[in-house]
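Structure at a glance
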Amino acid sequence: MSDSRERSPADAPVRVVLADDHPVVRAGLAALLTSLPGIEVVGVASNGREAVREVITSRPDVAVLDLQMPDLDGFAATRELARSAPEVAVLVLTMFEDDDSVFAAMRAGARGYLVKGAEQDEIARAIRAVAAGEAIFGPGVARRVLGFFAAPAATAEPFPELTSREREILDLLAAGLSNPAIGDRLHLASKTVANNVSAIFTKLGIADRATAIIQARNAGLGNEKA
């Protein structure tokens, strides 16, 4: 009798693609996950664009994404995966645990959110949980999420996918300010403003400044005087 047999779903390892723009962090995380029983790393990526391509090619169970990555950040990559590979669970592993980052990631479609520095067992448990269809948060993030839902309902802000800084910049952009003028107003470098404007365009799915201004003014922004 042959001892070969088809592996049952319960025995199959959780297949993971991970993306982080820091080579040392990426290599360390890949080594960590590879050492864990029941987890198989099937692809790595150094930016969001590579992550989306690797996920579409490899079709893993879970994509572990950092948020701050070049070319395509983790928020945009998560949204793209929600459209192109909705069966793949996204687990965010990042150094940011502010409310804007947490809720923007969840709105984009992430099923889990951990902060870097999480213990090995916590990372493994989170990967297996999101692969099984659960939502999971690190302890600090979970407290923030519970606190958010326990708080009185607030009036919804326009463009919830944007961070508070990006909304502030969009508001001034809609008021007619140039990038240098926005930088002067907010005490930011022009390059920082330009990077934020590019992120706004990506998150809102628009291609130019004029469209951004129209959308922002339609949402009630741009009342600030230049």
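Let me begin by describing the structure that accompanies this report. Predicted, not measured: the structure shown is a model, and the values here were computed from it. (Residues numbered from 1 in each chain as written. Predicted model: local features only at pLDDT ≥ 70, side-chain atom pairs only at ≥ 80, totals over all residues. Heavy atoms only, no water.)

This part covers the pairing of strand β2 (residues 39–45). Direction of pairing for strand β1 (residues 14–19) relative to β2: parallel, over a ladder of six bridges. Bridge pairing links R15 to E40 in β2. Running through helix α1 (residues 23–35), the crossover from β1 to the neighbouring parallel element β2 is right-handed. (Pairing = 2+ DSSP bridges. Helix = DSSP H or I, 4+ residues; strand = E, 2+ residues; numbered from the N terminus. Right-handed = clockwise from strand over helix to strand, strands pointing away.)

One open sheet accounts for six strands, arranged β2-β1-β3-β4-β5-β6; its pairing is parallel. Edge positions in the sheet fall to β2 and β6 (136–137), since each of these pairs with one other strand and no more. Across two bridges, the pairing between strand β5 (residues 112–115) and β6 is parallel. Opposite G112, over in β6, you have I136 as the bridge partner. Contacts between α1 and the sheet are confined to β1, β2, β3 (62–65) and β4 (89–94), with β2 contributing the most and set at about 165° to the helix. Here helix α4 (residues 99–108) sits on the sheet and contacts β4, β5 and β6; the angle it forms with β5, its principal contact strand, is near 150°. (Contact = heavy atoms within 4.5 Å. Axes fitted to C-alpha atoms, helices over the stretch in contact; angles between N-to-C directions.)

This next bit is on the pattern of salt bridges. Enumeration over the complete set of coordinates arrives at seven salt bridges. The partner of R59 in a salt bridge is E87, with the nearest N and O atoms 2.6 Å apart. Of this pair, R59 sits in the loop between α2 (48–58) and β3 while E87 sits in the loop between α3 (74–84) and β4; the two residues are 28 residues apart in sequence, bridging distant segments of the chain. Its salt-bridge partner being R165, residue E168 comes within 3.0 Å of it at the nearest N-O pair. Here the residue E168 and the residue R165 both occupy positions in helix α7 (residues 164–174), the gap between them amounting to three residues, near one helical turn. E168 sits in the partly exposed class, given a relative accessible area of 36%. Here R165 falls in the partly exposed class, since its relative accessible area comes to 32%. (Salt bridge = Lys/Arg side-chain N within 4 Å of Asp/Glu carboxyl O. Buried < 20%, exposed > 50% of the residue type's maximum accessible area, 1.4 Å probe, protein only.)

Moving on to helix α10 (residues 209–218). Among all positions of α10, only A212, I213 and A216 are buried. Viewed end-on, α10 has its buried residues packed into an arc of 100°, placing them on one side of the element. Within α10, the exposed residues directed more than 90 degrees away from the buried face are I214 and N218. Next to the buried residues of α10 lie α7 and α9 (190–204). For α10, the capping residue at the N-terminal end is D208, with a side-chain oxygen 3.3 Å from the backbone nitrogen of A210. (Arc of directions from axis to C-beta. Polar contact = N/O pair within 3.5 Å; in protein donor to acceptor, adjacent residues only side chain to side chain.)

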